[in-house]
Amino acid sequence: MIAERKDDHVRFAAEQQRRPGGHNQFDEVSFVHHALAGTDRADVSPVTRFGGIEWQVPLYVNAMTGGSERTGAINRDLAIAARETGVAIATGSMSAYFADESVADTFSVMRRENPDGFVMANINANASVDKARRAVDLLRADALQIHLNVIQETVMPEGDRSFAAWGPQIEKIVAGVDVPVIVKEVGFGLSRETVTLLRDMGVRVADVAGRGGTDFARIENDRRKHGDYAYLDGWGQSAPACLLDAQGAGIPVLASGGVRNPLDVVRALALGAAAVGVSGGFLRTVLDGGVSALVRQITDWLDHVRALMTALGARTPAELTRCDVLVHGDLRAFCADRGIDTRRLATRSSSYDTTHETVEGIR
Ligand code: FNR
């Protein structure tokens, strides 16, 4: 049953990616162009540091799959691409492994193919501390992701219907494992209030996983025989909205959900993300073109991210938060309602004093 669900998720997510891509809220973020702002490429370093973690590049392959023969093969390919490009990577939810240990290899293949990389295990917020430790041990994981997926569970025919225990359980897991815990959504976003709660629970990092890319309400709806939830289309906040909303929430924030190209990566970094994750887009590449296509795509993206940082005059990912950013459309309305000052974002480079190295940025 779980194996079948994992195969369904891959099939429906890939179908979503193959539909003609359109607008999402990353398009409502643009940079003010300053023609003399550029720096030298040799002075640009993509290294990012957050919550005691250091990655050589601010890009990662976010959680997707494992638990069936087919998804094990996908995990192997994703892991090889991560190893070849140096990006961090996460497995999909390991609940299939807790239900049946014979599928362990469909997850542990990620560590076997990528022995020295940064690998994240992934569990749900109901998992016991013992399961959390088993997940970390199986992968020799460098961090543990816990996913929050209320809307997905709600639409999933066989999904959970009890969510009240999630918060207390996250606190127990944080206290019970010895790797950093990253809490993520699965495509509906994390609000400022949620990120603040996570901080208070001792969670090290939040991954907003916003709306605008893979849509799990639609995927689960496509798996339903009756009781259509199609009206939930559009639920949740986009990654740019979440990043703006979570400014100053007190823990580092990662961005994912709807990231389509290197400009989206740079936009997310400029809005305060410490690194940027991609799932559906990389899945499509690996399914359609194999490992070599994904290695090429990630390599090209990293090259372009560095090129854009050079043009924008940002020597580090953190320095992108000094760039002047314009917010348009619905995202601007969201900012107004949530009390987020978009004028300050549009003029913040002038409040950066190069003599005293003070930043009025949003980090
Ligand atoms: C996911 N995602 C996901 N997340 C998670 O925490 N545990 C999981 O098991 C899965 N499973 C999964 C399967 C497939 C096929 C996809 C495409 C995605 C969600 C993923 O990590 C991410 O949050 C969302 O997909 C949004 O990012 P993209 O796809 O818009 O880049």
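All figures in this text were calculated on a predicted structure; none of them were measured in a lab. (Residues numbered from 1 in each chain as written. Predicted model: local features only at pLDDT ≥ 70, side-chain atom pairs only at ≥ 80, totals over all residues. Heavy atoms only, no water.)

Core analysis: the largest hydrophobic core is formed by 104 residues, its most contacted members being L59, I123, L144, I170, L198 and L320. In terms of residue count, the dominant contributor to this core is helix α12 (residues 280-312) (11 residues). The next biggest cluster of nonpolar side chains, apart from the first, holds 15 residues, and it includes I53, A88, F118 and A143. (Core = buried A, V, L, I, M, F, W, Y, C linked by side-chain atoms within 4.5 Å. Buried < 20%, exposed > 50% of the residue type's maximum accessible area, 1.4 Å probe, protein only. Helix = DSSP H or I, 4+ residues; strand = E, 2+ residues; numbered from the N terminus.)

Extensive coverage of strand β7 (residues 143-147) is indicated by the burial of five of its five residues. Where burial is concerned, the two faces of β7 agree: the one with A143, Q145 and H147 and the one with L144 and I146 are both buried. In this fold, the crossover linking strand β6 (residues 119-124) to β7 by way of helix α5 (residues 129-139) has right-handed handedness. Here four bridges tie β7 to strand β8 (residues 181-184), and the two strands are oriented parallel to one another. (Right-handed = clockwise from strand over helix to strand, strands pointing away. Pairing = 2+ DSSP bridges.)

Moving on, we come to the site of the ligand. Taken together, 23 residues form the shell around the ligand, and within it A63, M64, S93, T214 and G280 come nearest. At a separation of 2.7 Å, an oxygen atom of the ligand approaches a polar backbone atom of A63. The separation between a nitrogen atom of the ligand and a polar main-chain atom of M64 is 2.8 Å. Those elements giving two or more residues to the shell around the ligand turn out to be α1 (2-18) and α12. Ranked by residue count, the leading element in the shell around the ligand is α1, at three residues. Residue composition of the shell around the ligand, grouped by class: nine nonpolar, 12 polar and two charged. (Near = heavy atom within 4 Å. Polar contact = N/O pair within 3.5 Å; in protein donor to acceptor, adjacent residues only side chain to side chain. Nonpolar A, V, L, I, M, F, W, Y, C, P; charged D, E, K, R; others polar.)

Our next topic: the pattern of salt bridges. Applying the stated rule across the entire model yields 24 salt bridges. One salt bridge in this structure joins D264 and R260, with 2.8 Å as the shortest N-O distance. Assessed through its relative accessible area of 0%, D264 is described here as buried. Owing to a relative accessible area of 29%, R260 belongs among the partly exposed residues under this scheme. It is possible to trace a salt-bridge network through shared partners that takes in R5, D8, R11, E158, E220 and R223. (Salt bridge = Lys/Arg side-chain N within 4 Å of Asp/Glu carboxyl O.)

Here the focus is the confidence of the model for the chain. For the chain, per-residue confidence averages 95 on the pLDDT scale, and residues scoring 70 or more make up 97% of the total. Across the chain, strand β4 (residues 59-61) holds the top mean pLDDT of 99, while α1 sits lowest at 94. Every residue in residues 355-363 is under pLDDT 50, and counting partners more than four places away or in other chains gives 27 contacts. (pLDDT = per-residue confidence, 0-100. Contact = heavy atoms within 4.5 Å.)

With that settled, the discussion passes to the packing of aromatic side chains. Evaluated as defined, the whole model comprises seven aromatic pairs. With centroids separated by 5.8 Å and ring planes inclined at 45°, the aromatic side chains of Y97 and F98 adopt a geometry described as tilted. Residue classification places Y97 among the buried positions, given a relative accessible area of 8%. The class for F98 is buried, based on a relative accessible area of 16%. Judged by centre distance (5.9 Å) and plane angle (40°), the rings of Y229 and Y231 are tilted. On the basis of relative accessible area, Y229 is assigned to the partly exposed category, the value being 23%. Counting every residue linked through ring pairs, the aromatic cluster contains F50, W55, Y60 and F118. One residue, R11, lies across the ring of F12, its end atom 4.7 Å from the ring centre. Geometry around Y97 places R134 over its ring, the cationic atom sitting 5.3 Å from the centre. (Phe/Tyr/Trp six-rings, centres within 6.5 Å; stacked < 30°, edge-to-face > 60°. Lys NZ or Arg CZ within 6 Å of the ring centre and 35° of its normal.)

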